[in-house]
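Read off the chains here:
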2 protein chains.
Amino acid sequence: MPTSSPQPAFVLIRPQMGENIGAAARGMWNFGLDRMRVVAPRDGWPNSKAVAMASGAGRLLDDAQLVQTTAEAVSDCHWVLATTARPRGLTKTVLTPERAMTEARDRIAAGERVAIMFGPERAGMENDDIARANAIVSVPVNPDFASLNLAQCVLLMAYEWRRQTAEIIHEQTEAAGDWASQVEIEALASHYEDRLETARFFFPDTKAEGMKTNLRNLWSRMPLTRADVQILHGILRQMVRWKERDD
Amino acid sequence: MPTSSPQPAFVLIRPQMGENIGAAARGMWNFGLDRMRVVAPRDGWPNSKAVAMASGAGRLLDDAQLVQTTAEAVSDCHWVLATTARPRGLTKTVLTPERAMTEARDRIAAGERVAIMFGPERAGMENDDIARANAIVSVPVNPDFASLNLAQCVLLMAYEWRRQTAEIIHEQTEAAGDWASQVEIEALASHYEDRLETARFFFPDTKAEGMKTNLRNLWSRMPLTRADVQILHGILRQMVRWKERDD
């Protein structure tokens, strides 16, 4: 059994193509999930095409639980989801992937076991399988074109799981080198202001103060590294040298 | 030109396999996006393998803008994102897909044009391309296994776009038939209470009130349709008939 962190089991029901099983394993492991259960795969088990496609995620197939019925696959679970379009004629709550994975996260944190079922490629899940689910997960696809395949559906569910559980930093700027300090920005601003004063850039006098304020604001709202500041000093020094040679 | 709703352009930079271009088109159209730009595809344009793979999303390829350089592809855009891993040696803001698409949505709503660039399959994007981007988008994959291909990356970005822009109902239960009204639930509760009273279910007397409350609570917290209520009435009536036959 895997020893990874608490997570839902992904249950592939009667999958057909080995390639799709392998691609599903990759999709899971891309987002750190490694508990797969496989119900009655059409081409038997193990499946060499699945192994070939899984490549770096092959361990998921080695560790996968093979069972013959959907009932066995989910028997130990407290909350079971079916990924499918809305079924006709069955009363069932339909959740977005986001809502489903939020609830899965909370239930797993409370000690429950959660399974997410994926139907076979062409036929989709049968009502008999769907009736075992506590709720349905439906990806909000374009109603004019809903063609998600098994591996894509697994990928999106795994992505949502990670989005709801990983500590994600949504915005981060890593400098290649150190950020410039305020002292360095101040020195840069003064350097430009002095030289541009000499070059009579701040013209006419009535606008000079406003122009200086705008220039200072420009420097301070740029996220500049120390290397950036050196480049900007260098540009100005070179222009001054060039002017002096021309004289 | 497509006449669809405001949306980012997805820019495929020097894509190699036609199948991947077609799969990218499918991924986009699954979530309602249809503005593709293609920069210098390796195997020329149009690409019959791309068309074959795109099937129902073939219109995106017909309408795609073909250009020879990344500069041309994004020249009319105000905000450009590069989907790639964190580059070494370039200072750049890195966003999650979620944050990127939230900002893309807001900028597009304010009238800006946004492009999202995807690199070629094996090599990934070159620093020369990345340097044109205002920010980087990085999918929060498992650091031990980051193997998203071009079409998967497009799919995830398109999914996030739809998640940030579609009016999505996160939880919905559609009844197959009408929901039971309070009057019908009340009649059901009374039916069971009366019959079970006769059958001496509420025993011992000291616990009878608590048992009745629990049973009423059970009915009222179930989301029952009118058909469900009829089934529950029928079960009880049948048990009573069976008892009467036995007498």
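Scroll up for the structure.
These notes cover the structure that comes with them. Computed from a predicted model, the values in this text were never measured in an experiment. (Residues numbered from 1 in each chain as written. Chains lettered and ligands numbered in written order. Predicted model: local features only at pLDDT ≥ 70, side-chain atom pairs only at ≥ 80, totals over all residues. Heavy atoms only, no water.)

Here the focus is unusual backbone geometry. All names here are of chain A. Between phenylalanine 203 and proline 204 the backbone carries a cis peptide bond, its omega angle lying at -5 degrees. Here alanine 40, not a glycine, exhibits a phi torsion of approximately 40 degrees, which is positive. Position of alanine 40 among the secondary structure elements: in the loop between β2 (36-39) and α2 (48-54). Overall, the relative accessible area of 22% leaves alanine 40 in the partly exposed class. Notably, serine 55 is not glycine yet its phi reads approximately 35 degrees, a positive angle. The residue serine 55 is located in the loop between α2 and α3 (58-63) in this model. (Helix = DSSP H or I, 4+ residues; strand = E, 2+ residues; numbered from the N terminus. Buried < 20%, exposed > 50% of the residue type's maximum accessible area, 1.4 Å probe, protein only.)

Here we come to the relation of the copies chain B and chain A. Think of it as a corkscrew move, a rotation about one axis and a shift along it, taking one chain copy to the other. Structural alignment of chain B on chain A gives an RMSD of 0.1 Å, achieved by rotating through 180 degrees and translating 0.0 Å along the axis. Viewed as a symmetry operation, the transformation between the two copies matches a two-fold axis. Mapped onto chain A, 100% of the interface residues of chain B are again interface residues, and the two copies thus contact each other with one and the same surface. (Least-squares fit on C-alpha atoms with pLDDT ≥ 70 in both. Contact = heavy atoms within 4.5 Å.)

A separate point is the sheet that holds strand β8 (residues 171-174) of chain B. Within the open sheet, the eight strands sit side by side as β3(A)-β2(A)-β1(A)-β6(A)-β4(A)-β7(A)-β5(A)-β8(B). Their pairing is mixed. The strands lining the two open edges of the sheet, one partner per strand, are β3 (65-67) of chain A together with β8 of chain B. The average angle at which neighbouring strand axes cross in this sheet is 25 degrees, direction not considered. In this sheet, strand β6 (residues 114-118) of chain A lies alongside strand β1 (residues 9-13) of chain A in parallel orientation, the contact comprising four bridges. When the bridges of β6(A) are listed, A:Val11 appears paired with A:Met117. Strands β1 and β2 of chain A of the sheet are contacted by helix α1 (residues 18-30) of chain A, whose axis makes an angle of about 160 degrees with β2(A). (Pairing = 2+ DSSP bridges. Axes fitted to C-alpha atoms, helices over the stretch in contact; angles between N-to-C directions.)

All names here are of chain A. With the rule as written, the count across this model stands at zero disulfides over all chains. Cysteine cysteine 77 is unpaired, with the sulfur of cysteine 153 as its nearest cysteine sulfur at 17 Å. With relative accessibility at 15%, the residue cysteine 77 sits in the buried group. (Disulfide = S-S within 2.5 Å.)

At the interface, 47 residues of chain B touch 47 residues of chain A. Buried surface at the junction of chain B and chain A, both sides included, amounts to about 4,200 Å², of which 52% is carbon and sulfur. Of all residues in chain B, B:Asn30, B:Phe145 and B:His170 give up the largest surface area on contact with chain A, accounting jointly for 16% of the area buried on that side. Taken together, the links from chain B to chain A amount to six salt bridges. The partner of A:Glu160 in a salt bridge is B:Arg163, and the shortest N-O contact between them spans 3.6 Å. There are 24 residue pairs in polar contact (both at pLDDT 80 or more) connecting chain B and chain A. Secondary-structure elements contributing two or more residues to the side of chain B that touches chain A are α1 (18-30), β5 (92-95), α5 (97-109), α7 (150-165) and β8 of chain B. At seven residues, the largest contribution of residues to the side of chain B that touches chain A is made by α7(B). In the side of chain B that touches chain A, the residues fall into 23 nonpolar, 14 polar and 10 charged. Two elements, strand β8 (residues 171-174) of chain A and β5(B), share four bridges in a ladder whose sense is antiparallel. (Buried area = accessible area lost by both parts, 1.4 Å probe. Salt bridge = Lys/Arg side-chain N within 4 Å of Asp/Glu carboxyl O. Polar contact = N/O pair within 3.5 Å; in protein donor to acceptor, adjacent residues only side chain to side chain. Nonpolar A, V, L, I, M, F, W, Y, C, P; charged D, E, K, R; others polar.)

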